[in-house]
Amino acid sequence: MPSHPLISTHGQHWRPPLVVRALYRYLVTGRPLFGPGDNATLLHHATVDYRRGPRLRLQRRRWERLARRHAALTVPPIVAIAGQWPLVAYESALVGAAGTYAVIRARRALADRGVNRRYIDPAARTLYAAVGARYDKRRARQDVAVPDDWAPGDPVVVTLPTDMPLTAAKEKALVRAVGGRLAIQNAKGSWKRDEVRIRVDIHGTALPPAEVDMARLMEAVAAAPLTQPVAGVGPDGPVSLDYVQDSPHVALSGPAGTGKSTLLRFLMAQRMSHGVGTIFLDAKRWSHRWAHELPSDRCQYWYRIADIHNSLVAIGEELGRRIECDPSELGTFRTLDVVVEEANTLIKMLGTYWRGERRRIINEAKALKEQDMDYDEADLDPPALSPAVAAMQFGVNMGRELQMHFHVAAQRLEANIFGSNSGAAVRQSFQIRLMAQWDMALWKMLASGHEYVAWPGGKRGLWGFVQGTEFVIVRVPHLDIAQSVQLATSGQDTYGPILGQDTRVAKPSIEGGLPLSSILDTLPGQDGPRALSLDGLRTAAKRPGFPAPVDTAGRAYLYLASEVQAWRERTLS
Ligand SMILES: Nc1ncnc2c1ncn2[C@@H]1O[C@H](COP(=O)(O)OP(=O)(O)O)[C@@H](O)[C@H]1O
Ligand SMILES: [Mg+2]
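So, here is what we can say about the structure in this document. (Residues numbered from 1 in each chain as written. Chains lettered and ligands numbered in written order. Predicted model: local features only at pLDDT ≥ 70, side-chain atom pairs only at ≥ 80, totals over all residues. Heavy atoms only, no water.)

## Examining the overall build of the protein
Across its full length, the protein holds 17 helices and 16 strands. Taken against the 2.2 N^0.38 rule, which gives 25 Å for 573 residues, the C-alpha radius of gyration of the protein at 34 Å runs more than 25% over that of a compact globule. C-alpha atoms of the protein, sized along the principal axes, occupy 115 × 80 × 45 Å. Every one of the 573 residues in the protein was classed for burial, and the buried ones make up 41%. Sequence-distant contacts, at least 24 apart, represent 63% of the contacts inside the protein between residues at least 6 apart. Carbon and sulfur atoms make up 56% of the accessible area of the protein, which amounts to about 31100 Å² in all. Taking the average location of the 71 positive side-chain charges in the protein and that of its 58 negative ones, the two points are 15 Å from each other. (Helix = DSSP H or I, 4+ residues; strand = E, 2+ residues; numbered from the N terminus. Rg over C-alpha atoms; globule rule 2.2 N^0.38 Å. Buried < 20%, exposed > 50% of the residue type's maximum accessible area, 1.4 Å probe, protein only. Contact = heavy atoms within 4.5 Å. Areas by Shrake-Rupley, 256 points an atom, 1.4 Å probe, with all protein chains shown as cover. Lys, Arg positive; Asp, Glu negative; His and termini not counted. Charge placed at Lys NZ, Arg CZ, Asp CG, Glu CD.)

## Quick notes on the packing of aromatic side chains
Going through the model one piece at a time under the given rule, you end up with 9 aromatic pairs. With 5.4 Å between their ring centres and 75 degrees between their planes, Trp438 and Phe471 make a pair best called edge-to-face. On the criterion of sequence distance, the pair formed by Trp438 in the loop between β11 (432–435) and α13 (440–446) and Phe471 in strand β13 (residues 470–475) is long-range, its members being 33 residues apart. When sorted by exposure, Trp438 lands in the same class as Phe471, which is buried. Clustering of aromatic rings is evident, with ring pairs tying together Trp438, Trp443, Tyr452 and Phe471. Its end group placed over the ring of Trp63, Arg62 keeps NZ or CZ at 5.3 Å from the ring centre. (Phe/Tyr/Trp six-rings, centres within 6.5 Å; stacked < 30°, edge-to-face > 60°. Lys NZ or Arg CZ within 6 Å of the ring centre and 35° of its normal.)

## Focus on the nonpolar core
Grouped together as the largest cluster of nonpolar side chains are 66 residues, with contacts concentrated most on Val144, Leu182 and Trp438. Ranked by residues supplied to this core, first place goes to helix α4 (residues 85–131) with 7 residues. When residues of this core are sorted by domain, at least three fall in each of domain 2 (127–205) and domain 3 (214–489). What Val144 contacts, discounting residues up to four positions off in sequence, is Ile120, Ala123, Ala124, Leu127, Val156, Val158 and Leu182. Judged by nonpolar contacts, the second largest core, of 38 residues, contains Ala224, Leu264, Cys299 and Val476. (Core = buried A, V, L, I, M, F, W, Y, C linked by side-chain atoms within 4.5 Å. Domains from an automatic or database assignment.)

## Topic: a positive patch on the surface
On the surface, a cluster of positive charge is made up of Arg57, Arg113, Arg117, Arg125, Lys137 and Arg138. With 3 residues, the single largest contributor to the positive patch is α4. Here Lys137 lies in helix α5 (residues 137–143). (Patch = residues over 30% accessible without salt bridge, like charges linked within 9 Å, V, L, I, M, F, W, Y side chains within 5 Å. Salt bridge = Lys/Arg side-chain N within 4 Å of Asp/Glu carboxyl O.)

## Re helix α11 (residues 387–396)
Within α11, burial applies to Ala388, Val389, Ala391, Met392, Gly395 and Val396. Viewed along the axis of α11, the buried residues span an arc of 155 degrees, placing them on a single side of the element. In this structure Ser386 caps α11, since a side-chain oxygen of it lies 3.1 Å from the backbone nitrogen of Ala388. (Arc of directions from axis to C-beta. Polar contact = N/O pair within 3.5 Å; in protein donor to acceptor, adjacent residues only side chain to side chain.)

## Here's the deal with the site of ligand 1
Close contacts around ligand 1 come from 13 residues, with Gly257, Lys260, Ser261, Thr262 and Val476 the closest. At a separation of 3.3 Å, an oxygen atom of ligand 1 approaches a polar backbone atom of Thr258. A distance of 2.7 Å is found between a nitrogen atom of ligand 1 and a backbone nitrogen or oxygen belonging to Val476. In the complex, the protein chains occlude 71% of the 550 Å² of accessible area that ligand 1 would expose alone. (Near = heavy atom within 4 Å.)

## Comments concerning the environment of Ala46
Inspection of the secondary structure assignment puts Ala46 in the loop between α1 (18–29) and α2 (59–73). Considering only alpha carbons, one finds Ala46 and Arg57, 11 residues apart in sequence, at a separation of 9.0 Å. The contacts of Ala46, once residues within four sequence positions are left out, are Asp38, Asn39, Ala40, Leu58 and Arg61.

## A short note on the packing of α1 against α2
Two numbers describe how α1 lies on α2: the axes approach to 9 Å, and their chain directions differ by 120 degrees. By the angle between their axes, α1 is oblique relative to α2. Contacts between α1 and α2 involve Arg25, Tyr26 and Leu27 on the former and, on the latter, Arg69, His70 and Leu73. The residue makeup of the contact of α1 with α2, split by class, is 3 nonpolar, 1 polar and 2 charged. (Axes fitted to C-alpha atoms, helices over the stretch in contact; angles between N-to-C directions. Parallel < 35°, antiparallel > 145°, perpendicular 65-115°, else oblique. Nonpolar A, V, L, I, M, F, W, Y, C, P; charged D, E, K, R; others polar.)

## Describing unusual backbone geometry
Phi is positive for Arg285, which is not a glycine, with a value near 70 degrees. Counting through the fold element by element, Arg285 comes out in the loop between β7 (277–281) and β8 (299–302). One non-glycine residue, Asp372, lies in positive phi territory at about 60 degrees. Mapped onto the fold, Asp372 is located in the loop between α10 (343–370) and α11. Classification of Asp372 by relative accessible area gives exposed; the value is 72%.

## With respect to a negative patch on the surface
On the surface, a cluster of negative charge is made up of Asp112, Asp148, Asp149 and Asp154. Residue Asp112 is classed as partly exposed on the basis of its relative accessible area, which comes to 34%.

## Some remarks on the sheet that holds strand β14 (residues 513–514)
Pairing is antiparallel in the open sheet, where 3 strands are placed in the order β14-β16-β15. Edge positions in the sheet fall to β14 and β15 (551–553), since each of these pairs with one other strand and no more. As paired elements, β15 and strand β16 (residues 556–560) share 3 bridges and run antiparallel to each other. Among the inter-strand pairings, Asp551 is bridged to a residue of β16, identified as Leu558. Packed onto the sheet, helix α17 (residues 561–572) meets β14 and β16 and runs at close to 75 degrees relative to β16. (Pairing = 2+ DSSP bridges.)

## Description of the side chain of Arg62
Tracing the sequence through the fold places Arg62 in helix α2. Here Leu43 takes part through its backbone oxygen, which lies 3.2 Å from a polar atom of the side chain of Arg62. At a separation of 3.3 Å, a polar atom in the side chain of Arg62 contacts the side chain of His45. Excluding anything up to four places from it in sequence, Arg62 contacts Ala40, Thr41, Leu42, Leu43, His44 and His45.

## Regarding the sheet that holds strand β2 (residues 185–193)
Here we have 3 strands laid out as an open sheet, ordered β1-β3-β2, and antiparallel in their pairing. A strand with exactly one partner marks an edge of an open sheet, and here the two such strands are β1 (156–159) and β2. Direction aside, neighbouring strands of the sheet carry axes that sit 25 degrees apart on average. Pairing analysis gives 7 bridges linking β2 to strand β3 (residues 198–205), with the strands arranged antiparallel. Note that in β3 the partner of Lys188 across the bridge is His203.

Take a look at the structure:
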């Protein structure tokens, strides 16, 4: 029978004397004595707090009450009779047990803290925001409870803090958002409803394997064209990057020691095996220890700041040369990869170096002027921005036509890494943006517009990047020096100088790469009613599902005829 404050359901039974009842109430059940405050007793936590400024940690009220009420009445008698040894032993055992329990609890809480802070709390906050419930940390953690051996990316059963059913679209958005914060890839949900609550089991596609299968990877590396080097192994096998895009520059961002140089080593070795010339700019000198062993027709390696400065100025001149050249000559330049290690620091160093150089140039010009000797008017006021930094900025804004690709690694790729650039400018300049150990701030800059997927944690070598509409996570292999050198020097012979041009050497084209205009007539169905025009084919090439280009010639993309034919076969059927 439901109880009602004004109706006694007990009838006229015998009841203990008032003082006993009061003591019982005071010391055992611990029910509130006066007016509204909260409803905690000694036996249960508060669930409602009537005071002003509601507290989130309501369980504290109960312990407070217990301590307060027992302090004056139970502690002094215990101390008074403490002369009796058995009682002391009993009390210390009690205190010892309570202490041990507290330590175990505290250690557990400490161990959970990282996971809670990084994954559970953000997920819970997102969950509460998604259903429009008021966020309460303790309750929310229970709603997103995970088993002890949970690892980021593992499936999770989430209880909704409301019993209101959601629309299908909202359900999907909730699963994606909450799943992303728990590092669950492409999260999908299965919903379960009973009378009491709504639960959703959130699970995703698998993460990359813990170990790289080198044999399978090397097979993929051998098959990869110049423009699609393999970055690592995804859940379903090797994953390639795509250098054939309008802004084919690569940005790598990750804290120190997360494997930026290791990933670059793998990429550069593959690119070199296709004959690409590479310039390493590495003030640390030893980031690419393996490249020191390469012959000079494969790469240049600069580490002194003056050399790096001069090299970048030369790269700037090369950009100018390629811009100014005859259209027919464009194809005779060698593809050039520029690797900029620890870009944040390097740009600051280049700035400092240039301030010194600039002063020296001005002073020399002034001295010449005073002695009435020949001097260059421009040397009296050289530009304030380092020409090396200017060349780098200019380079990353140039497109694929010039076939110069910048690879910029930084511990945290700051939005202002190139002066006044905004995050959006970094996104536009670098269309391949790789992240290790990312957080929300880095995500906003490099993967803005995509549903957040938390970094899954674990061993070094996990890298994430946006490819098309998907966010992909790969495991990068760790090649040793011998393997990298072997990979870089295998395959294609080099051709032409690294900077400048040599019109006598023909640039090798990728076998079978053809422009769409040459492939058009070989396509199936061209003599039927659904024949494609060249414009139609070019439009189709921009849509998903079309085979990726294997190379470029000037402005044109080159494709494998067999792949385009197979694509047409599929669309016709
Ligand atoms: N993909 C990987 N697999 C295994 N270990 C790695 C991987 N990437 C990096 N490491 C380890 O981390 C160390 C630092 O890597 P490094 O590439 O020099 O980092 P960064 O350039 O970001 O400072 C390497 O020496 C290696 O031991
Ligand atoms: Mg490094």
